[in-house]
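Summary of structural features
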Amino acid sequence: MADEKILLRVEDARVWFRGKKRSAGTVKAVDGVTLEIYKGETFGVVGESGCGKSTLGRLLVGLVDPVSGNVQLEGRNVNGLRGAAARQVRREVQIVFQDPSASLNPRRTVKQILEEPFLVHRLGDAAFREGRIRELLQLVGLDEYHLSRYPHELSGGQKQRVGIARALALEPKLIVCDEAVSALDVSVQAQVLNLLQSLKEKLGLTYFFISHNLSVVYQVSDRVAVMYLGKIVELAPYDQIYERPLHPYTEALLSAIPRAAGEHAERVHLEGEIPSPTDPPGGCRFHTRCPKACARCAQEEPPFREIEKDHFVACHLCDNPSADPKEKTEPSESR
Ligand code: SF4
């Protein structure tokens, strides 16, 4: 894809942390991720808790730095920036967090919360801020009387609308939605997803949408990346992921989604817990849980490559792109 269509590019990024305990070792939360986010798309990321998807989101916003690799926003390297350059990038990439109760300051009114980004970035005078705050309220479907409310006086959905309004304040190009609807009731989830969709169309936004729930990601995304233990294992347009998943982990995630009447997908139960990101298994990281693993899977890491147009997979079963990978799913005797 031509460069002008790419809003953000992540190149072989690694985000490693020292574990909390001295003996815990290094947590390889993101471990060699490369991706491109196109202008105007919703790029969904799905995976179990601990797979590194939230850390990847924080990397895009600049809340964590990579130990290697880089993030480029419209061709500008955004890692390690300081001062005005860092503030400019922060304006362009914003985040909406999972838990609106925890992400809003309980001692501030909605007005103070929405005014803060303008004060931090020293934008406009009081009249400008007042006008923008009212515009933001309207955009997210809140009323003026909410301005004097504290977060504990709002419902979960209203709090998340305030979180979205705060993210919109500086007119960002990209918004990272980190499990942005996971803490909400199902009916409220639908309202907030609709709001995000209408804001995307109205304001020309791009989303990086993170969720553990593949059915939510499927509803909103143009393309979907599946993450496992710090790596992307499959990436494709949403309809290809849903109709023709090629990675056994994606198949397992999809098999847990309730289907429409008449559709049938056999439930794949994954055994065991996701291994520790301080000591990921060698070879394919999924081999300790993969129902289709063979001896080679424990020895050799499968490359992440394009198997069919716009469909990338890291699995030895897809070794021969000219063959139908779906027909090559017999596990080896050697397992
Ligand atoms: Fe499973 Fe092997 Fe493919 Fe990994 S490379 S997903 S272990 S079949």
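Counting restarts for each chain: residues are numbered from 1 in the order of the written sequence. Thresholds applied to this predicted model are a pLDDT of at least 70 for local features of residues and 80 or more for the giving and counting of side-chain atom pairs; totals over whole chains, interfaces and linings are not thresholded and use all residues. Calculated side-chain values reflect all of the structure's heavy atoms, with hydrogen atoms and water omitted.

In the vicinity of the ligand, 13 residues are found, and the nearest of them are C284, C290, C297, C315 and H316. Considering only residue class, the shell around the ligand consists of nine nonpolar, three polar and one charged. Whether a residue is near a molecule or strand depends on its heavy atoms: it is near if one of them lies within 4 Å of it. Throughout this entry, Asp, Glu, Lys and Arg are counted as charged residues, while Ala, Val, Leu, Ile, Met, Phe, Trp, Tyr, Cys and Pro are counted as nonpolar. The remaining residues, Gly among them, count as polar.

This brings us to the pairing of strand 11 (residues 305–308). By the convention used here, strands pair only if DSSP detects at least 2 bridges between them. Only DSSP runs of H or I with at least four residues qualify as helices, and only runs of E with at least two residues qualify as strands; both kinds are numbered from the N terminus onward. Pairing of strand 11 with strand 12 (residues 311–313) involves three bridges; the strand directions are antiparallel. Counterpart to E306 in the pairing with strand 12 is F312. The hairpin formed by strand 11 and strand 12 contains two residues between the paired strands, and D310 there has a positive phi angle of roughly 65°.

So, on to the packing of helix 4 (residues 110–120) against helix 6 (residues 156–168). Their axes nearest at 8 Å, the elements helix 4 and helix 6 cross at an angle of 25°. Taken as axis vectors, helix 4 and helix 6 run roughly parallel relative to one another. Considering how the two elements wind past one another, helix 4 and helix 6 form a crossing that is right-handed. Between helix 4 and helix 6, the contacting residues are V110, I113, L114 and P117 on the first element and V162, A165 and R166 on the second. Fitting a line to C-alpha atoms yields each axis, with helices limited to the stretch in contact; the angle taken between N-to-C directions then spans 0 to 180 degrees. In this scheme, roughly parallel covers angles under 35 degrees and roughly antiparallel covers those over 145, while 65 to 115 is roughly perpendicular and the rest are oblique. Helix crossings get a hand from a simple test, with the near helix turned counterclockwise from the far one by less than a right angle marking a left-handed crossing and a clockwise turn marking a right-handed one. The contact criterion used throughout is that any non-hydrogen atoms of two residues lie within 4.5 Å.

For every residue, the pLDDT score states the predictor's confidence, bounded by 0 at the bottom and 100 at the top. Scored by pLDDT, the chain has a mean of 89; 91% of the residues are at 70 or more. Taken together, the stretch residues 327–335 has pLDDT below 50 and engages in 18 contacts with residues farther than four places along the chain or on a different chain.

This part is about the sheet that holds strand 12. Ordered in space as 6-7-8-3-9-10-12-11, the eight strands form an open sheet in which the pairing is mixed. Of all strands in the sheet, those with a lone pairing partner are strand 6 (93–96) and strand 11, marking the two edges. Averaged over all pairs of adjacent strands, the angle between strand axes in this sheet comes to 25°, irrespective of strand direction. As paired elements, strand 10 (residues 231–237) and strand 12 share two bridges and run antiparallel to each other. Bridge pairing links L235 to F312 in strand 12. Strand contacts of helix 1 (residues 53–61): strand 3 (42–46), strand 6, strand 7 (174–178), strand 8 (206–211) and strand 9 (223–228), with the helix running at about 155° to strand 8, the strand carrying the most contacts. Against the sheet, helix 7 (residues 186–203) contacts strand 3, strand 7 and strand 8, and its axis sits at roughly 160° relative to strand 8.

Turning to the nonpolar core, a few remarks are in order. Working definition of a nonpolar core: buried Ala, Val, Leu, Ile, Met, Phe, Trp, Tyr and Cys residues. They are joined through side-chain atoms within 4.5 Å. Partly exposed describes any residue whose relative accessible area lies between the buried limit of under 20% and the exposed limit of over 50%, with all areas from a 1.4 Å probe on protein chains only and scaled to the type maximum. If you look at the biggest cluster of nonpolar residues, it comprises 90 residues, and the most contacted ones within it are V10, L35, L60, I164, L168, F208 and F209. Looking at which element gives the most residues to this core, the answer is helix 7, with six residues. Domain extents, as shown, originate in an automatic or database domain assignment. No fewer than three residues from each of domain 1 (6–221) and domain 2 (245–323) sit in this core. Discounting residues that sit within four places of it in the chain, V10 has contacts with V33, T34, L35, L59, L60, N70 and V71. Formed by six residues, the second largest nonpolar core is a distinct cluster that contains L246, I307, C315 and C318.

Moving on: the side chain of H146. Tracing the sequence through the fold places H146 in the loop between helix 5 (126–139) and helix 6. Judged by relative accessible area, which is 4%, H146 ranks as buried. Within the structure, H146 has its side chain in polar contact with the backbone nitrogen of D143 (distance 2.9 Å). With sequence-adjacent residues up to four places away left out, H146 is seen in contact with V110, L154 and Q158. Counting of polar contacts relies on pairs of N or O atoms within 3.5 Å, with two restrictions inside protein: one atom must be capable of donating a hydrogen and the other of accepting it, and residues adjacent in sequence are counted only when both atoms are side-chain atoms.

The assigned domain composition of the chain is domain 1 (6–221) and domain 2 (245–323). Opposite the 14 residues of domain 1 that make contact, domain 2 presents nine residues. Where domain 1 abuts domain 2, roughly 970 Å² becomes buried across the two surfaces, and 60% of that area is made up of carbon and sulfur atoms. The largest share of the area that domain 1 buries against domain 2 comes from K28, E48 and L214, three residues that together contribute 47% of it. Within this document, salt bridges are pairs made up of a side-chain nitrogen of Lys or Arg and a carboxyl oxygen of Asp or Glu, the two lying within 4 Å of each other. A salt bridge links E48 to R289; the nearest nitrogen and oxygen atoms lie 3.0 Å apart. At the boundary of domain 1 with domain 2, the tally comes to four residue pairs in polar contact (both at pLDDT 80 or more). Looking at the side of domain 1 that touches domain 2, the elements that each hand over two or more residues are strand 2 (26–38) and helix 8 (214–220). No other element matches the four residues that strand 2 contributes to the side of domain 1 that touches domain 2. Of the residues assigned to the side of domain 1 that touches domain 2, the class counts are five nonpolar, six polar and three charged. Reported buried area values correspond to the accessible surface (1.4 Å probe) lost by two parts on association, with both partners' losses combined.

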